[in-house]
Amino acid sequence: MTDALRALFCPKSIAVVGASASPGKAGNAMVRSLLGFPGPLHLVNPTAPEIEGRAVARSIGAIGEPVELAVLVVPAEAVPSALEDCGAAGVRAAVVCAGGFAEAVGGRQLQAEVAEVVARHGVRLLGPNTSGFMNPVDQVLANFVPYVTRLEPGPASIVASSGGMNLAISFLASGEGLGLRVGVGLGNSVDVGFAEVLDFLADDDTTKVIGLHLEGVDDGRALFDAIARVAPRTPIVALKVGRADVGEFALSHTGRLLGDYDVTRAALTQAGAVVVDDVGQLVDAMRALVMCRMAPRAEPGIGVVTAQAGPGLFITDVLRSRNVSVPSLADTTVKGLERLLPPLTMLSNPVDTGRPSETFGKVLGLVADDDEVDALVVYALKESDVVNPEVAFRTPGVVGQVPVVFGTSGPREALDLGRRVVAGIGVPQYPTPEQAARAACALVEDSRAQARRAAGVIAASKSVPALPEQRLDEHLSKLLLDALGVVTPARRVCADRAAAHAALGALDAPVVVKVLDPAIAHKEHAGGVKVGIETEAQLDAALDAIDAIASSSSRGYLVETHVEPGVDLLVGGARDLVWGPVVAVGPGGRDAEAHRPSWRLAPLSDLDVAELAADVAVWPVIRAVEALLLAHPSISEIDVNPVRLLSDGAVALDALILRDEEA
């Protein structure tokens with residue numbers, strides 16, 4: 001544990017500043033939440049003689065002994081002076097629950113004052129604008145929601161942008177039997193943020209899985225690096241808010257912008273987190289990963305064994321729709337299954353056993369032993385007169401050989417009992433086929449993340465050319481790509497009509513004629529691209545049309561050889577405000593704006609590049625875009641669109657590179 005955050009989340013002594021004797025007030029609720037704290041608990045109120053039967057100090061300085069953590073339940077305008085008192089008294093960490101800071105109109109200056117005070121005194125601060133945190137393991141329940149005292153201790157830690165979401169996830173996890181180590185609501189994150197809490201949890205032997213809820217992120221690279229450091233030891237599951245346009249509401253909530261949803265999800269995945277779509281999936285994935293973890297595999301395979309055909313089909317459909325491999329079983333495995341199962345059952349993958357018999361455990365062992373199977377999903381309804389699957393899991397060679405996820409349905413009391421039994425042998429249980437399948441998907445994504453980390457990043461070996469001083473038009477952008485090994489069409493830069501006619505004679509017809517003007521970013525939309533030019537008359541008509549476009553006086557023409565039809569892709573790059581340089585690949589040409597591309601943060605591993613584009617012909621273009629972004633911080637955007645895939649390689653038909661001041 002880092003010592004500074006230990007004083008925050010695992011303090012030896014606590015003071016509640018703003019403690020109240022009035023039921024219904026946050027200061028009273030906070031006191032009641034902390035009454036079970038085993039160390040010294042000091043209550044601070046300038047007027048109340050006692051609260052909850054305890055003596056009260058008039059100020060934190062009057063306590064007369066060291067305090068590690070101060071929990072401030074005072075109005076926003078009183079926070080800076082209260083923190084000054086804490087700093088003067090030697091308090092090491094504080095929680096500020098009040099709202100009314102950067103998330104509120106006129107609150108940014110007040111938040112700046114808070115940041116200055118804690119920085120000057122070296123006080124580590126959680127908040128402001130948070131309900132607090134919960135640490136049931138050490139009975140530090142610094143949260144003003146009274147029911148936090150009912151949360152069971154356990155191995156799961158949650159770090160949420162929102163105090164409310166921290167509570168929502170924690171209570172759901174508790175209801176699913178997943179106990180809590182630490183649940184943290186960051187609020188406005190004036191001081192303590194995601195990266196530091198992750199590093200703190202990485203050193204905590206009690207934490208076995210981490211769940212993240214993210215709204216806005218200030219320093220994406222710090223979070224990326226923290227996930228990359230922590231995930232090899234402790235699996236991380238992440239949920240990103242912002243799929244729809246809720247930016248204004250989010251800004252009013254924590255004072256931060258949400259950031260790009262797709263880029264953030266891609267960054268979290270690339271760093272090593274398992275990214276999910278909703279709170280239920282978050283808890284289900286955490287429950288799976290806290291019990292079992294697959295070995296690193298680029299393409300792990302799942303074996304499906306079901307006692308009922310319909311659920312098995314549903315599970316297989318979910319897995320394959322999520323791009324998870326459900327491989328065919330080896331001939332030796334199938335022959336072994338033939339000896340164990342009755343005729344007419346499905347013996348491939350999924351394996352449909354019919355109602356579980358005494359051979360069920362041996363079936364599981366055979367499938368688990370198949371070379372292509374890295375984990376099992378097992379589904380069987382609760383039935384009173386058949387072999388209990390929980391007993392079958394104890395068959396030698398099943399659990400422990402590969403991770404097992406169990407789905408079952410039946411009466412609630414039977415499910416609760418069975419869940420406790422299988423949890424004791426490291427098997428997570430889920431009440432629906434879909435939940436079991438998605439839990440297996442989480443294991444797969446974690447396995448892929450481990451393999452991605454093992455692949456590492458390959459440093460670029462080519463030198464990157466310098467940028468010219470003038471603004472980059474299409475030709476100058478392509479010269480940079482040429483120097484990095486990207487194929488572009490043969491072309492001529494023409495300052496006037498005479499040069500354009502000379503280019504028509506020098507290049508193989510037909511040609512493409514384009515306006516060459518750095519001020520025109522979307523040439524085709526402006527009518528500045530004419531294709532299929534073969535004759536002098538066609539060229540003159542094309543030039544007339546281009547000349548009719550209103551633009552700057554620096555206009556020229558670009559005459560290029562025509563490239564045969566093919567599949568078009570977009571390869572792009574940008575300097576994201578949160579995450580830094582990022583690279584994108586998606587459908588190109590006129591389809592580019594209708595589809596979301598795939599994103600990765602630069603620098604890229606070879607596996608990152610392969611995930612962006614399956615066709616190796618595109619890889620040099622991806623690497624060139626990456627190299628330019630990394631070498632030239634002034635570049636804000638790169639758009640190579642389309643990149644045309646041909647039978648003998650890829651050709652970059654158009655390119656645009658913008659600097660910061662030009663974007």
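Residues numbered from 1 in each chain as written. Predicted model: local features only at pLDDT ≥ 70, side-chain atom pairs only at ≥ 80, totals over all residues. Heavy atoms only, no water.

**Points about the sheet that holds strand E17 (residues 404-407)**
1) Next: Here we have 5 strands laid out as an open sheet, ordered E15-E14-E16-E17-E18, and parallel in their pairing. Here the strands that pair on one side only, and so sit at the sheet edges, are strand E15 (351-352) and strand E18 (429-430).
2) Next: On the sheet, helix H11 (residues 309-321) packs against strand E14 (302-306), E15 and strand E16 (375-379) and is oriented at approximately 160° with respect to E14. (Pairing = 2+ DSSP bridges. Helix = DSSP H or I, 4+ residues; strand = E, 2+ residues; numbered from the N terminus. Contact = heavy atoms within 4.5 Å. Axes fitted to C-alpha atoms, helices over the stretch in contact; angles between N-to-C directions.)

**Regarding the sheet that holds strand E12 (residues 236-240)**
1) Next: With respect to topology, 6 strands assemble into an open sheet ordered E8-E10-E9-E11-E12-E13, the strand pairing being mixed. Two strands bound the open sheet, and with one partner strand each, they are strand E8 (133-134) and strand E13 (274-276).
2) Next: Relative to E12, strand E11 (residues 209-214) runs parallel, the two being bridged by 5 bridges. Residue glycine 211 lies in a different strand from E12, and its bridge partner there is valine 237.

**Regarding the packing of aromatic side chains**
1) Next: Per the counting criterion, the structure on display carries 3 aromatic pairs.
2) Next: Consider the rings of phenylalanine 9 and phenylalanine 133, whose centres lie 5.1 Å apart with planes at 90°: the pair is edge-to-face. Taken together, the residues phenylalanine 9 in helix H1 (residues 3-9) and phenylalanine 133 in strand E8 connect sequence positions 124 residues apart.
3) Next: Given the relative accessible area of 0%, phenylalanine 9 is considered buried.
4) Next: The interplanar angle of 80° and the centroid separation of 5.0 Å between the aromatic rings of phenylalanine 393 and phenylalanine 406 together place this pair among those described as edge-to-face. Here phenylalanine 393 is found in the loop between helix H14 (389-392) and E17, whereas its partner phenylalanine 406 is found in strand E17, with 13 residues between them in sequence. Like phenylalanine 393, the residue phenylalanine 406 is buried in the burial classification.
5) Next: Through a chain of ring-to-ring contacts, the aromatic side chains of Phe9, Phe133 and Phe200 assemble into a single cluster. (Phe/Tyr/Trp six-rings, centres within 6.5 Å; stacked < 30°, edge-to-face > 60°. Buried < 20%, exposed > 50% of the residue type's maximum accessible area, 1.4 Å probe, protein only.)

**A short note on helix H4 (residues 108-121)**
1) Next: A rise of 1.5 Å per residue sets the reference length of H4, with its 14 residues, at 20 Å; its end C-alpha atoms lie 20 Å apart and thus fit the reference within 8%.
2) Next: Within the sequence span of H4, burial applies to Leu110, Gln111, Val114, Val117 and Val118. Buried positions in H4, seen along its axis, are confined to an arc of 120° and lie on one side of it. Facing away from the buried side of H4 by more than 90 degrees, the exposed set consists of Gln109 and Ala119.
3) Next: Here the buried face of H4 lies against helix H3 (79-88) and strand E7 (124-126).
4) Next: Positive phi shows up at glycine 122, right after H4, with a value of about 75°. (Expected span 1.5 Å × (residues − 1). Arc of directions from axis to C-beta.)

**What to know about the pattern of salt bridges**
1) Next: Using the criterion set out here, one finds 42 salt bridges in the structure.
2) Next: Where arginine 92 meets glutamate 68, a salt bridge forms, and the shortest distance between an N and an O atom there is 3.2 Å. Residue arginine 92 is found in the loop between H3 and strand E6 (93-96), and its partner glutamate 68 is found in the loop between strand E4 (54-57) and strand E5 (69-72); the two are separated by 24 residues along the sequence.
3) Next: With a closest N to O distance of 2.6 Å, aspartate 205 and arginine 233 form a salt bridge. (Salt bridge = Lys/Arg side-chain N within 4 Å of Asp/Glu carboxyl O.)

**What about the pairing of E16?**
Walk down a regular strand and you will see the side chains alternate between the two sheet faces.
1) Next: Across the 5 residues of E16, 5 count as buried, placing the element largely inside the fold.
2) Next: Of the two faces of E16, the one carrying Ala375, Val377 and Tyr379 and the one carrying Leu376 and Val378 are both buried.
3) Next: Note that E14 and E16 share 5 bridges and pair parallel. Residue threonine 306 lies in a different strand from E16, and its bridge partner there is tyrosine 379.
4) Next: As defined by bridge partners, E16 adjoins E17 across 4 bridges and the pair is classed as parallel. The residue of E17 that forms the bridge with valine 378 is phenylalanine 406.

**Observations concerning the confidence of the model for the chain**
Any segment with low pLDDT has predicted coordinates that should not be analysed in fine detail.
1) Next: In this model, the chain carries a mean pLDDT of 92, and residues with pLDDT of at least 70 account for 95%.
2) Next: In this model, residues 246-258 is a region of pLDDT below 50 whose contacts with residues beyond four sequence positions or in other chains number 36 contacts. (pLDDT = per-residue confidence, 0-100.)

**Comments concerning the nonpolar core**
1) Next: Counting 63 residues, the largest nonpolar core has Leu8, Phe9, Phe133, Leu212 and Ile227 as the members making the most contacts within it.
2) Next: Broken down by element, the residue count for this core peaks at 7 residues, all from helix H6 (residues 194-202).
3) Next: With sequence-adjacent residues up to four places away left out, phenylalanine 133 is seen in contact with Leu8, Phe9, Leu69, Val95, Leu126, Val140, Leu141, Ala142, Asn143, Gly183 and Val184. (Core = buried A, V, L, I, M, F, W, Y, C linked by side-chain atoms within 4.5 Å.)

**Quick word on the pairing of strand E24 (residues 580-587)**
1) Next: Of all 8 residues in E24, 7 are buried; the element is thus mostly enclosed.
2) Next: As judged from the 8 bridges shared by strand E23 (residues 567-576) and E24, these two strands associate in the antiparallel manner. From the neighbouring strand, glycine 572 faces E24, where its bridge partner is alanine 584.
3) Next: Sheet analysis places E24 next to strand E25 (residues 598-601), joined by 4 bridges and oriented antiparallel. In the strand pairing of E25, valine 583 is matched with arginine 600.

**Observations concerning the packing of helix H10 (residues 279-291) against helix H16 (residues 433-455)**
1) Next: Where H10 meets H16, the axes come as close as 9 Å, and the angle between the chain directions of the two elements is 65°. Crossing of H10 over H16 shows right-handed handedness. Between H10, through Gln281, Asp284, Ala285, Ala288 and Leu289, and H16, the contact on the second element is made entirely by Gln435, Arg438, Ala439, Ala442, Leu443 and Asp446.
2) Next: Class assignment of the residues belonging to the contact of H10 with H16 gives a composition of 6 nonpolar, 2 polar and 3 charged. (Left-handed = near helix turned anticlockwise from the far one by under 90°. Nonpolar A, V, L, I, M, F, W, Y, C, P; charged D, E, K, R; others polar.)

**Some points on the environment of alanine 627**
1) Next: Note that alanine 627 resides in helix H21 (residues 619-631).
2) Next: Residue classification places alanine 627 among the buried residues on the basis of a relative accessible area of 11%.
3) Next: As a C-alpha pair, alanine 627 and proline 603 span 24 residues in sequence and 8.3 Å in three-dimensional space.

**Some points on the side chain of threonine 130**
1) Next: Inspection of the secondary structure puts threonine 130 in the loop between E7 and E8.
2) Next: For threonine 130, a relative accessible area of 2% gives the class buried.
3) Next: Reaching out from threonine 130, the side chain makes a polar contact with the backbone nitrogen of glycine 132 at a distance of 3.0 Å.
4) Next: For threonine 130, the side chain forms a polar contact with the main-chain oxygen of glycine 185, separated by 2.6 Å. (Polar contact = N/O pair within 3.5 Å; in protein donor to acceptor, adjacent residues only side chain to side chain.)

**Re the packing of H3 against H4**
1) Next: Remark: H3 packs on H4, axes separated minimally by 9 Å, with the N-to-C direction vectors making an angle of 5°. Here H3 is positioned roughly parallel relative to H4, judged by the angle of their axes. Contacts from Val79, Pro80, Leu83, Glu84, Gly87 and Ala88 in H3 reach Leu110, Glu113, Val114, Val117, Val118, Arg120 and His121 in H4.
2) Next: Looking at the contact of H3 with H4 residue by residue, the classes come out as 8 nonpolar, 2 polar and 3 charged. (Parallel < 35°, antiparallel > 145°, perpendicular 65-115°, else oblique.)

**Considerations on unusual backbone geometry**
1) Next: Note the cis peptide between asparagine 349 and proline 350, where omega equals 15°.
2) Next: As for its position among the elements, proline 350 is in the loop between helix H12 (331-340) and E15.
3) Next: With an omega of 0°, the peptide bond running from alanine 509 to proline 510 counts as cis.
4) Next: Positionally, proline 510 belongs in the loop between helix H18 (497-506) and strand E20 (511-516).
5) Next: Unusually for a residue other than glycine, glutamine 139 sits at a positive phi of about 60°.
6) Next: Inspection of the secondary structure assignment puts glutamine 139 in the loop between E8 and strand E9 (153-160).
7) Next: In this structure, asparagine 323 is a non-glycine residue whose phi angle is positive, near 65°.

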